[in-house]
Amino acid sequence: MKELLKNLPKIDEIMLVLKKRGILKKAPRDVVLSACRSVVGDTRELILSAKKDDTNIHVPSLDEVADAVIGRIENLRRYSLRRVVNATGVILHTNLGRAPLGKEALERILEVSCGYSNLEFDLEKGKRGLRYDHVQRILCELSGAEDALVVNNNAAAVLLVLNTLALGKEAIVSRGELIEIGGEFRIPEVMEKSGAILREIGTTNRTHLSDYEDAVNNNTGLILKVHTSNFRIVGFTEEIGLPALVEIGKNADIPVMNDLGSGCFVELDRYGFEREPTVQEVLKTGVDVVTFSGDKLLGGPQAGIILGNRDILQKIKKNPLNRALRIDKLTLAALEATMKQYLNGEDAVSGIRILRAITEPLADVEKRAKKLLTILKKSHIEGLVLVLKEGTSMTGGGALPTQEIPTMLLSIKSPCMSAGRLGERLRHCEVPVVVRIAEDEVLIDSRTVDEEEFAFIEEGLQQVFAEDV
Ligand SMILES: *Cc1c(COP(=O)(O)O)cnc(C)c1O
């Protein structure tokens with residue numbers, strides 16, 4: 001073993017070979033050096049961990065090591081953040097980037113960011129403007145709010161409002177609403193970081209009006225209502241609605257905030273969903289501030305939207321923390337384009353992909369699934385068993401958690417590969433396809449797959465079965 005280790009190529013020898021191959025035109029010297037060290041280090045580990053009688057172990061030649069170094073450097077050039085096909089049927093999949101952006105939003109990003117823009121420049125007056133003013137009017141018109149502000153995401157929006165209105169003061173929240181959304185967003189922890197003092201009231205399943213009334217004191221800064229998003233409490237429960245909280249707030253001169261989580265401008269009950277108040281309806285209760293995400297049911301880019309009372313919004317805008325949480329110009333361009341879709345009234349649903357996916361009639365989803373089936377059958381992949389079956393999609397993203405949406409699934413089975421293995425191989429394709437796996441079947445949910453994406457699924461399967469399995 002000592003002999004093997006001694007014969008490992010030396011770094012300067014490898015560098016010499018690489019230089020001859022013109023590597024320094026392809027990567028910075030330090031990057032090449034570090035790749036050399038990693039490759040030699042890995043080889044050393046391999047030799048050290050080999051069994052005594054392992055005859056397969058050999059010392060790689062200089063050229064072999066150089067090839068490995070070049071491979072490593074080429075890997076660096078591959079994009080890590082890539083498009084994928086979401087065949088899972090989870091419409092707002094947080095790990096897959098939540099809401100896909102529409103064509104208009106993409107065009108606006110390109111238009112606004114390929115050159116300079118009036119991001120913080122008032123063209124009318126010829127002097128400094130405010131970045132969030134570009135969406136302020138449209139948000140107010142559509143929601144009925146007096147004023148609007150947008151920040152990086154809803155977590156930032158909640159943090160900013162709490163910090164502005166309840167720093168060093170108590171914020172009253174029902175125990176049934178002390179939620180965790182995932183991705184480390186937990187109401188009690190955000191509250192602590194904001195400097196607000198959590199005043200939890202009631203019990204997990206029941207909170208009464210008197211719990212709120214009794215909790216109000218001289219040091220109360222805020223009454224907070226939180227949308228429970230990804231879970232429901234059922235059975236023996238009691239929750240106080242927003243109008244009653246607004247009433248308490250008015251009487252005691254304490255602002256009331258509603259973290260809506262998803263925030264939807266469209267009445268989804270018209271499409272057979274459980275009734276959820278729209279942003280417009282929530283604001284009509286007279287609540288002082290509402291916050292919600294840009295990339296959940298709204299269907300736009302990641303953003304945190306804050307709407308409400310003018311005086312309070314002015315205070316929030318002046319909070320120095322706002323500077324740290326500010327929205328960037330690409331997002332703003334996409335958000336403005338997304339909001340314009342809502343000017344189309346009832347047609348907004350067809351212009352926003354996630355709303356389209358949620359509300360699309362089963363018959364249309366089925367039609368698409370059949371098309372995909374036909375395409376895959378024509379591709380003649382040895383032994384693939386393809387079957388259509390009924391199933392359910394989920395909204396995801398903490399929105400409408402208990403609602404199952406009927407869908408059509410394409411089940412794929414291979415005689416020579418387990419579903420788990422096939423799913424894994426599909427994730428490693430040129431355009432990765434992320435599928436659902438159940439009972440040793442790979443399932444493609446056509447509710448979350450657009451027709452333009454069929455080619456990626458077909459190519460993916462061909463790629464998987466072309467490599468030796
Ligand atoms: C999703 C959610 C958040 C966090 O929103 P992000 O945009 O992911 O930061 C906060 N509160 C509630 C109630 C949510 O559902």
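Cut-offs and rules
- Residues numbered from 1 in each chain as written.
- Predicted model: local features only at pLDDT ≥ 70, side-chain atom pairs only at ≥ 80, totals over all residues.
- Heavy atoms only, no water.
- Pairing = 2+ DSSP bridges.
- Helix = DSSP H or I, 4+ residues; strand = E, 2+ residues; numbered from the N terminus.
- Axes fitted to C-alpha atoms, helices over the stretch in contact; angles between N-to-C directions.
- Contact = heavy atoms within 4.5 Å.
- Near = heavy atom within 4 Å.
- Polar contact = N/O pair within 3.5 Å; in protein donor to acceptor, adjacent residues only side chain to side chain.
- Areas by Shrake-Rupley, 256 points an atom, 1.4 Å probe, with all protein chains shown as cover.
- Nonpolar A, V, L, I, M, F, W, Y, C, P; charged D, E, K, R; others polar.
- Buried < 20%, exposed > 50% of the residue type's maximum accessible area, 1.4 Å probe, protein only.
- Arc of directions from axis to C-beta.
- Salt bridge = Lys/Arg side-chain N within 4 Å of Asp/Glu carboxyl O.

Caption draft 1: Spotlight on the sheet that holds strand S9 (residues 197-201). Strands sit in the order S5-S13-S12-S11-S10-S6-S9 across an open sheet of seven strands; the sheet is mixed. Two strands lie at the open edges of the sheet, namely strand S5 (147-151) and S9, each paired on one side alone. Neighbouring strand axes in the sheet, compared pairwise and without regard to direction, differ in orientation by 25° on average. Bridge count for strand S10 (residues 220-226) against strand S11 (residues 256-261) is four bridges, and the pairing is parallel. Across the sheet, Ile223 pairs through a bridge with Val256, a residue of S11. Packing of helix H8 (residues 187-194) onto the sheet brings it into contact with strand S6 (170-174), S9, S10 and S11, and relative to S9 it is tilted by some 145°.

Caption draft 2: Seen up close, the site of the ligand. Of all residues adjacent to the ligand, which total 14 residues, the nearest are Ala155, Ser229, Asp259, Ser293 and Lys296. Interatomic distance of 3.0 Å between a side-chain N/O atom of Arg98 and an oxygen atom of the ligand. Ser229 places a side-chain nitrogen or oxygen 2.5 Å from an oxygen atom of the ligand. For the ligand, whose free accessible area comes to 380 Å², the fraction covered by protein is 94%. By residue class, the composition of the shell around the ligand is five nonpolar, six polar and three charged.

Caption draft 3: Structural view of helix H12 (residues 310-318). Among the residues of H12, Ile312, Leu313, Ile316 and Lys317 are the ones counted as buried. Buried residues along H12 cover an arc of 140° about the axis, so they all sit on one side. Structural note: H12 exposes Asp311, Lys315 and Lys318 on the side pointing more than 90 degrees away from its buried face. Where H12 is buried, its residues meet S5, helix H7 (154-166), strand S12 (289-293), strand S13 (304-308) and helix H13 (321-324). Where H12 begins, the capping side chain belongs to Asn309, and its oxygen is found 3.0 Å from the backbone nitrogen of Asp311.

Caption draft 4: Representation of the pattern of salt bridges within the structure. For the coordinates displayed, the defined rule picks out 32 salt bridges. The salt bridge partner of Asp63 is Arg21, with a shortest N-O separation of 3.2 Å. On the criterion of sequence distance, the pair formed by Asp63 in helix H4 (residues 62-77) and Arg21 in the loop between helix H2 (11-20) and helix H3 (29-49) is long-range, its members being 42 residues apart. Residue Arg232 pairs with Glu276 through a salt bridge whose shortest N-O separation is 3.6 Å. Of the two residues, Arg232 is situated in the loop between S10 and helix H10 (242-252) and Glu276 in the loop between S11 and helix H11 (279-284); the sequence distance between them amounts to 44 residues. Exposure remark for Glu276: the relative accessible area of 23% places this residue in the partly exposed category. Each of Arg83, Arg353, Asp450 and Glu453 takes part in a single network of salt bridges with overlapping partners.

Caption draft 5: The sheet that holds strand S17 (residues 436-438), seen in detail. Strand order in the open sheet formed by five strands is S2-S14-S15-S18-S17, with mixed pairing between adjacent strands. Each of the sheet's edge strands pairs with one partner strand only, and the pair in question is strand S2 (90-92) and S17. Between one strand axis and the next, the sheet turns through 40° on average, direction left out of account. Judged from the three bridges that link them, S17 and strand S18 (residues 441-445) form a sheet pairing that is antiparallel. Residue pairing across strands places Arg436 opposite Leu443, the latter belonging to S18. Contacting strand S14 (385-396), strand S15 (404-413) and S18, helix H17 (residues 362-378) runs over the sheet at an angle of about 10° to S15.

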